[in-house]
Amino acid sequence: MIIVTGATGNVGRPLLQALAATGEKVTAVSRRIADAAVPAGVMTVAADLTDPQGLRPVFDGADALFLHDGGASAHMLRPRDILAAAGSAGVRRVVLLSSQGVRTRPESQSHGVLLRSIEDAVRQSGLDWTILRPGGFNSNTYAWADSIRTERTVVAPFGNVGIPTIDPADIADVAAAALREGSHAGQIYELTGPTPITPRQRTEAISDALGEPVRFIEQTRDEARAQMLQFMPEWAVDTTLAVLEEPTVAERQISPAVEQVLGRAPRTFADWFQDHIPAFR
């Protein structure tokens, strides 16, 4: 059995679908989750990663674990306790969703220092491990959904700065392979999309897909920061803005990992948008 934590997230949802499609026995774990939210045949358990003791019964009978880094709650995780509970229950393989920023922003408290500590716990757990370090997600475009639906506008900073954002479904497919195949043990995969794309270019792709003009309005850094602070912690906002404003050479690079693992190229931003277009109409 495979345990998927963060099962209602942008990676967790397609990961459940990918695993269920192969006939794997899967248990979806999230703080709040309903049977209707998962594919047929997938079990659901409401549990909190910040409570390792409460997770112990969840791990019984499992042999593999997909561990989400915790997102905004990552600073509250006790990863060594989680992994000890998993190992004592019989789990032998763990796949961690981390971040590219562990390498590209090592000084950052959110992406470098914090997530590095979680990665270290995974590497020292005694389990077979694989670490996934994606860059920016195409699904971050959901932040534009309301203004696209109501005003056909996109409001964002740094309109001409591009990074190779990735479809979360590609991350999920790599995770599914690592959870099911022992050949990925001990690997760290940095995951990106196929090409850098700027906010203006994303807006053009959205306009093409909708068949209607969508106007791009460039924010200042201060305007963007004020908006992001409404739904993100300050430590995450500042690191995110730093990446969007002035990505490092490494953050602009295209990783071959998706193609190496899956035998196909990563999906484009336009592919992702077409798959999720109802949310923007």
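For the structure itself, look to the data block above.
Residues numbered from 1 in each chain as written. Predicted model: local features only at pLDDT ≥ 70, side-chain atom pairs only at ≥ 80, totals over all residues. Heavy atoms only, no water.

### Thoughts on the environment of Pro52
Okay, step 1: By secondary structure assignment, the location of Pro52 is in helix 2 (residues 52–59).
Okay, step 2: Taking the C-alpha atoms as reference, Pro52 lies 26 Å from Glu234; in sequence the two are 182 residues apart. (Helix = DSSP H or I, 4+ residues; strand = E, 2+ residues; numbered from the N terminus.)

### Points about the layout of surface pockets
Okay, step 1: Here the second largest pocket is characterised by a volume of approximately 240 Å³.
Okay, step 2: Of all the secondary structure elements, the ones that give two or more residues to the lining of the second largest pocket are helix 1 (12–21), helix 7 (168–180) and helix 13 (269–275).
Okay, step 3: Ranked by residue count, the leading element in the lining of the second largest pocket is helix 1, at 3 residues.
Okay, step 4: In terms of residue class, the lining of the second largest pocket is built from 5 nonpolar, 4 polar and 4 charged. (1 Å grid on protein atoms, 1.4 Å probe; cavity = no way out; pocket = protein on both sides within 12 Å on 5 of 7 lines; lining within 4 Å. Points joined across faces, edges and corners; volume = space filled by probe spheres on them. Nonpolar A, V, L, I, M, F, W, Y, C, P; charged D, E, K, R; others polar.)

### Some details on the pairing of strand 7 (residues 153–157)
Okay, step 1: Most of strand 7 sits out of view: 4 of its 5 residues are buried.
Okay, step 2: Note: strand 7 against strand 9 (residues 215–219), 5 bridges, orientation parallel. Of the residues in strand 9, the one forming a bridge with Val154 is Phe216. (Buried < 20%, exposed > 50% of the residue type's maximum accessible area, 1.4 Å probe, protein only. Pairing = 2+ DSSP bridges.)

### Quick notes on the environment of Met228
Okay, step 1: Within the secondary structure, Met228 is located in helix 9 (residues 221–228).
Okay, step 2: Distance in space between the C-alpha atoms of Met228 and Leu241 is 9.4 Å, their sequence separation being 13 residues.
Okay, step 3: Apart from the residues within four sequence positions on either side, Met228 is in contact with Val237, Thr240 and Leu241. (Contact = heavy atoms within 4.5 Å.)

### Looking at the sheet that holds strand 6 (residues 128–134)
Okay, step 1: The strand order across the open sheet built from 7 strands is 3-2-1-4-5-6-8, with neighbouring strands paired in parallel fashion. Where the open sheet ends on each side, the last strands, each with one partner, are strand 3 (43–46) and strand 8 (187–191). Within the sheet, the average angular offset between the axes of one strand and its neighbour, ignoring direction, is 15°.
Okay, step 2: Against the sheet, helix 1 contacts strand 1 (2–5), strand 2 (26–30) and strand 4 (64–68), and its axis sits at roughly 160° relative to strand 1. (Axes fitted to C-alpha atoms, helices over the stretch in contact; angles between N-to-C directions.)

### Section: helix 3 (residues 79–88)
Working note: α-helix, 3.6 residues per turn, so residues spaced by three or four point in the same direction.
Okay, step 1: Those residues of helix 3 not exposed but buried are Pro79, Ile82, Leu83, Ala85, Ala86 and Gly87.
Okay, step 2: Phi for Gly90, located one or two positions after helix 3, is positive at around 110°.

### With respect to the packing of helix 2 against helix 3
Okay, step 1: Relative to each other, helix 2 and helix 3 sit at 25°, their axes nearing to 9 Å. As summarised for this structure, helix 2 and helix 3 are arranged roughly parallel, according to the angle between their axes. Of the two possible hands of crossing, helix 2 and helix 3 adopt the one that is right-handed. Residues Pro52, Leu55, Arg56 and Phe59 of helix 2 touch helix 3, and the partners they reach there are Asp81, Ile82, Ala85, Ala86 and Ser88.
Okay, step 2: When grouped by side-chain class, the residues that make up the contact of helix 2 with helix 3 number 6 nonpolar, 1 polar and 2 charged. (Parallel < 35°, antiparallel > 145°, perpendicular 65-115°, else oblique. Left-handed = near helix turned anticlockwise from the far one by under 90°.)

### Some words on unusual backbone geometry
Okay, step 1: In the Ramachandran plot, Arg152 falls in the positive-phi region, its phi being about 55° despite a non-glycine side chain.
Okay, step 2: Its location among the elements puts Arg152 in the loop between helix 6 (145–151) and strand 7.
Okay, step 3: We note that Phe158 has phi near 55°; this positive angle belongs to a residue other than glycine.
Okay, step 4: Counting through the fold element by element, Phe158 comes out in the loop between strand 7 and helix 7.

### Here's the deal with the packing of aromatic side chains
Okay, step 1: For the structure on display, the rule yields 7 aromatic pairs.
Okay, step 2: Centre to centre, the rings of Phe273 and Phe280 are 4.7 Å apart; their planes meet at 45°, and the pair counts as tilted. Comparing Phe273 with Phe280, the two get one shared label, buried.
Okay, step 3: One aromatic cluster is present, formed by Tyr142, Phe269, Trp272, Phe273 and Phe280 through successive ring pairs. (Phe/Tyr/Trp six-rings, centres within 6.5 Å; stacked < 30°, edge-to-face > 60°.)

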